[in-house]
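These are the residues of each chain, in order.
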Amino acid sequence: GQSLEQPSEVTAVEGAIVQINCTYQTSGFYGLSWYQQHDGGAPTFLSYNALDGLEETGRFSSFLSRSDSYGYLLLQELQMKDSASYFCAVLYGQNFVFGPGTRLSVLP
Amino acid sequence: NAGVTQTPKFRVLKTGQSMTLLCAQDMNHEYMYWYRQDPGMGLRLIHYSVGEGTTAKGEVPDGYNVSRLKKQNFLLGLESAAPSQTSVYFCASSSQGVRHNEQYFGPGTRLTVT
């Protein structure tokens, strides 16, 4: 089977940097994705890592190490609007599997 | 472009009733998905479709049926609703190739079964 683990909650202050980790137990997957979801809203796509290494998109970066079955999302220059839940997801065949989510609270 | 739309936004059903949730996308995407999300949890894949006329089971398919008669529409049916199906249902779509992992989600349908 496939399973992903994420910390349930992370708290940081405005302007800080925060890292949200994701570990997975699956093989034959096609990369790691990250999604953001505000309370009451729909998930929105943030980034995708097909290969090992770092992908940067503005204030957000995502990293993948397939040999360690591990990835993370890095958020820089945190803003209040970044308070949301963040999900990692893997594509296994045609089947997407999402992690349980990490709730990020950004404090003033 | 409207992106991905879902109908209805809210619904309350009694146990045993049936209903159909409609998802529509105007991005000409090949792939479409139905997820459920329970409070404080991640999304779980119910069924998916890789093209018009095709459907496949996801992680939690029991109690649901789907149809994709047109490329832009993906219907999710509950034949006999149960309280365990109280959840928020999200539809999503994505294109083929390298953009497959970039899913676009609809606003969700909040379903309560009493």
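It should be noted that the structure appears before, not after, this text.
Residues numbered from 1 in each chain as written. Chains lettered and ligands numbered in written order. Predicted model: local features only at pLDDT ≥ 70, side-chain atom pairs only at ≥ 80, totals over all residues. Heavy atoms only, no water.

(A) Local environment of the overall build of chain B. Secondary structure summary: chain B contains zero helices and 11 strands in total. Listed N to C, the secondary structure of chain B is β-β-β-β-β-β-β-β-β-β-β in terms of helices and strands. A globule of 114 residues ought to have a C-alpha radius of gyration of about 13 Å, and chain B, at 13 Å, matches this closely. By principal-axis analysis of the C-alpha atoms, chain B measures approximately 40 × 30 × 25 Å. Expressed as a percentage of contacts within chain B between residues at least 6 apart in sequence, the contacts between residues at least 24 apart total 55%. On chain B, roughly 5,300 Å² of surface is accessible, and the fraction owed to carbon and sulfur atoms is 52%. (Helix = DSSP H or I, 4+ residues; strand = E, 2+ residues; numbered from the N terminus. Rg over C-alpha atoms; globule rule 2.2 N^0.38 Å. Contact = heavy atoms within 4.5 Å. Areas by Shrake-Rupley, 256 points an atom, 1.4 Å probe, with all protein chains shown as cover.)

(B) View of the side chain of Gln6(A). All names here are of chain A. As for its placement among the helices and strands, Gln6 is situated in the loop between strand S1 (3–5) and strand S2 (9–13). Reaching out from Gln6, the side chain makes a polar contact with the backbone nitrogen of Cys88 at a distance of 3.2 Å. Within the local environment of Gln6, its side chain forms a polar contact with the backbone nitrogen of Gly101, the two atoms lying 3.1 Å apart. Here Gln6 is in contact with Ile20, Asn21, Cys22, Trp34, Tyr86, Phe87, Cys88, Gly99, Pro100, Gly101 and Thr102, once residues within four sequence places are set aside. (Polar contact = N/O pair within 3.5 Å; in protein donor to acceptor, adjacent residues only side chain to side chain.)

(C) How the structure looks around the interface of chain B and chain A. On the side of chain A, 18 residues touch chain B, which itself brings 23 residues to the contact. Taken together, the two surfaces of chain B and chain A that pack against each other cover about 1,600 Å², and 56% of this comes from carbon and sulfur. When the area that chain B buries against chain A is broken down by residue, the three leading residues are Leu43(B), Asn101(B) and Phe105(B), summing to 33%. Our count for the chain B to chain A interface comes out at five residue pairs in polar contact (both at pLDDT 80 or more). Contributing elements (two or more residues each) for the side of chain B that touches chain A: strand S4 (31–37) and strand S5 (43–49) of chain B. Sorting elements by how many residues they give to the side of chain B that touches chain A places S4(B) first, with four residues. In the side of chain B that touches chain A, the residues fall into 12 nonpolar, eight polar and three charged. (Buried area = accessible area lost by both parts, 1.4 Å probe. Nonpolar A, V, L, I, M, F, W, Y, C, P; charged D, E, K, R; others polar.)

(D) Main features of the pairing of strand S7 (residues 64–67) of chain B. Residue and element names in this part refer to chain B. Alternating positions in S7 separate cleanly, Tyr64 and Val66 being buried on one face and Asn65 and Ser67 remaining unburied on the opposite face. Sheet topology note: the S7/strand S8 (residues 73–78) ladder contains four bridges and is antiparallel. Counted as the bridge partner of Ser67 is Leu75 from S8. Connecting S7 to the next strand, S8, in antiparallel fashion are five residues. (Buried < 20%, exposed > 50% of the residue type's maximum accessible area, 1.4 Å probe, protein only. Pairing = 2+ DSSP bridges.)

(E) Region of the structure containing the nonpolar core. Ranked by size, the top nonpolar core spans 23 residues in total, and within it Leu4(A), Leu32(A), Trp34(A), Leu75(A), Tyr86(A) and Leu104(A) carry the most contacts. Among the secondary structure elements, those contributing two or more residues to this core are S2, strand S3 (18–25), strand S4 (29–37), strand S7 (60–65), strand S8 (70–75), strand S9 (84–92) and strand S11 (102–107) of chain A. Leaving out residues up to four positions away in the same chain, Tyr86(A) has contacts with Gln6(A), Ile20(A), Tyr35(A), Gln36(A), Leu46(A), Phe60(A), Leu73(A), Leu75(A), Gly101(A), Thr102(A) and Leu104(A). Formed by 18 residues, the second largest nonpolar core is a distinct cluster that contains Tyr64(B), Leu78(B), Ala81(B) and Cys91(B). (Core = buried A, V, L, I, M, F, W, Y, C linked by side-chain atoms within 4.5 Å.)

(F) Representation of the sheet that holds strand S6 (residues 53–57) of chain A. Residue and element names in this part refer to chain A. Strand order in the open sheet made by the five strands is S1-S3-S8-S7-S6, with antiparallel pairing throughout. Looking at which strands have only one partner, the edges of the open sheet turn out to be S1 and S6. Along the sheet, successive strands turn relative to each other by an average axial angle of 20°, direction set aside. Alignment of S7 against S8, held across six bridges, turns out to be antiparallel. Within S8, the residue paired with Leu64 across the bridge is Gly71. (Axes fitted to C-alpha atoms, helices over the stretch in contact; angles between N-to-C directions.)

(G) Quick look at the state of the cysteines. For the structure shown, the criterion picks out two disulfides over all chains. The partner cysteine of Cys22(A) in its disulfide is Cys88(A), sulfur to sulfur 2.1 Å. Of note, the bridge from Cys22(A) to Cys88(A) carries an S-S torsion of about 75° and is right-handed in sense. Taken as a pair, Cys22(A) in strand S3 and Cys88(A) in strand S9 lie far apart in primary sequence, 66 residues in all. Cys88(A) shares its class with Cys22(A); the two are buried. Here Cys23(B) connects covalently by a disulfide to Cys91(B), the sulfurs 1.9 Å from one another. (Disulfide = S-S within 2.5 Å.)

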